[in-house]
Amino acid sequence: MTGRQKTTLLYARPGIIVTVDRFTVGRNTFRVADLTHLRSRRGPHDRIAVRAVATSGAMIAGVGLLLGFTGGLHRLTAGAYLMFGAVLLVPALLGLAGDRWRPPAYELWGVYRGEEMLLFSADDERQFGQVTRALVRAREMNRYGGWNEPLASVDPWRPSR
């Protein structure tokens, strides 16, 4: 080889590259040896869903308070009470629907050179898992002195019989 060290490619898709030495997402490149404290979590809920839940909950609470203060609750029939109880489920249903249609993103956080930062975010759980596993494998390979394969993939010794 001519001065350049061969590097092992662990994951490559448009905009995301994981090698033994580097983790590149978009324009950001991180040295794998400098990444510590990796953790994954779910991102924030969709803002539109949160606003819909908050608005509907506030409006229902306002109607309930208005009926309570004006004495309208005494004149309601049993069917109206059941309907009002069913309407109280609207914010919960909106929250569930919002999470179903636009689920929170998967986020990979870590400490890079002493600063905690968001390293990678994806809506696709499969892609997120593949990138995370590739990065963990790169860290293992880095930790064990650049072996071609980490210890976990080596065949165990078995006695000959």
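Small disclaimer: the values here were computed from a predicted structure and weren't measured.

Thresholds applied
- Residues numbered from 1 in each chain as written.
- Predicted model: local features only at pLDDT ≥ 70, side-chain atom pairs only at ≥ 80, totals over all residues.
- Heavy atoms only, no water.
- UniProt positions renumbered as here; feature names shortened; annotations may be inferred.
- Helix = DSSP H or I, 4+ residues; strand = E, 2+ residues; numbered from the N terminus.
- Axes fitted to C-alpha atoms, helices over the stretch in contact; angles between N-to-C directions.
- Parallel < 35°, antiparallel > 145°, perpendicular 65-115°, else oblique.
- Contact = heavy atoms within 4.5 Å.
- Nonpolar A, V, L, I, M, F, W, Y, C, P; charged D, E, K, R; others polar.
- Pairing = 2+ DSSP bridges.

S.K.: I'd love a proper account of the UniProt feature "transmembrane region" (unreviewed entry) in the protein, names of residues and values included.
M.R.: UniProt marks residues 48-72 and 78-97 with the feature "transmembrane region" (unreviewed entry), using the numbering shown here. A helix fraction of 92% and a strand fraction of 0% characterise residues 48-72, whose end C-alpha atoms lie 33 Å from each other. With 90% helix and 0% strand, the stretch residues 78-97 has end C-alpha atoms that lie 29 Å from each other.

S.K.: A description of the packing of helix 1 (residues 47-70) against helix 3 (residues 90-101) should follow, citing residues and the corresponding values.
M.R.: How two helices sit against one another is set out by the angle between their axes and by the gap between those axes. Helix 3 packs onto helix 1 with a crossing angle of 175° between their chain directions and a minimal axis gap of 8 Å. On the basis of the axis angle, helix 1 is roughly antiparallel to helix 3. Note on element contacts: helix 3 touches helix 1 through Val90, Pro91, Leu94, Gly95 and Gly98, opposite Ala49, Ala52, Val53, Ser56, Gly57 and Ile60. A class-by-class count of the residues in the contact of helix 1 with helix 3 yields seven nonpolar, four polar and no charged.

S.K.: Tell me about the pairing of strand 4 (residues 28-31), and name the residues and values.
M.R.: The pairing of strand 3 (residues 22-25) with strand 4 spans four bridges and is antiparallel. Counted as the bridge partner of Thr24 is Thr29 from strand 4. Between strand 3 and strand 4, which pair antiparallel one after the other, the connecting turn spans two residues, and Gly26 there sits at a positive phi close to 60°.

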